[in-house]
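Here is what each chain is made of, one letter per residue.
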Amino acid sequence: MTSDTSDESLARLARAVFDAQPFTRLLGAELVSTDGGIVEVRLRNRPELQQQHGFVHGGVISYLADNAVTFAGGIVLGGDAVTAHCTTNFARPATGEYLIARAHAVSTTRNQAICHCTVYSSDGEIERIVAVAQGTVVRAHTS
């Protein structure tokens, strides 16, 4: 199998796993891309995702970072993976029309990947960093 076919196969697996997540469907997140090992997850901001001040709730931002990190790790590990640890640092309130999480692996071994994610709020052309995350992703083990 060529690397292109392998990349296409991993992209299809990522899409299938992403689409199978009930919580992801509830939030309405979209897996935009897995090209070049950079995972992009997008979510439209709406009132039910906001906290009392009108900012996107930190739990929603953490979800985006965690999911993007997991998929970035899964891509480089070659299959199904889970997050073992994820830390999110919030930079500013998220108020944009969309939230966009972009993640990539920065270090990989046979069974784990350390990944970095930046979460942005976007109002069309302008993106502002709202959070930065780092996570450790491990191969999923089925019993």
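Every chain begins its residue count from 1, and numbering advances along the sequence as written. Where totals are concerned, whole chains, interfaces and linings use all residues; where local detail is concerned, this predicted model gives features only for residues with pLDDT of at least 70, and gives and counts side-chain atom pairs only at 80 or more. Each side-chain value is derived from all of the structure's non-hydrogen atoms; neither hydrogens nor water enter the calculation.

Caption draft 1: Geometry of the UniProt feature "domain: Thioesterase" (unreviewed entry) in the protein. UniProt positions are given in the numbering used here, feature names are shortened, and annotations may be inferred rather than shown by experiment. UniProt feature "domain: Thioesterase" (unreviewed entry): in the numbering of this structure it lies at residues 53-125. Between the end C-alpha atoms of residues 53-125 the distance is 24 Å, and the span holds 27% helix and 45% strand. Numbering of helices and strands starts at the N terminus; helices are DSSP runs of H or I of at least 4 residues and strands are runs of E of at least 2.

Caption draft 2: Main features of the pattern of salt bridges. Put simply, a salt bridge is a Lys or Arg side-chain nitrogen that is within 4 Å of an Asp or Glu carboxyl oxygen. Tallied over the full model, the rule gives 5 salt bridges. Here Arg44 ties to Glu97 by a salt bridge, and the two come within 3.3 Å at their closest N and O atoms. On the criterion of sequence distance, the pair formed by Arg44 in strand E2 (residues 39-44) and Glu97 in the loop between strand E3 (81-90) and strand E4 (98-108) is long-range, its members being 53 residues apart. Residue classification places Arg44 among the partly exposed positions, given a relative accessible area of 42%. Across the pair Glu48 and Arg46 runs a salt bridge, and its minimum N-O distance is 2.6 Å. Given a relative accessible area of 57%, Glu48 falls into the exposed group. Only protein chains enter the accessibility calculation, which uses a 1.4 Å probe; a residue whose area is less than 20% of its type maximum is buried, one above 50% is exposed, and one in between is partly exposed.

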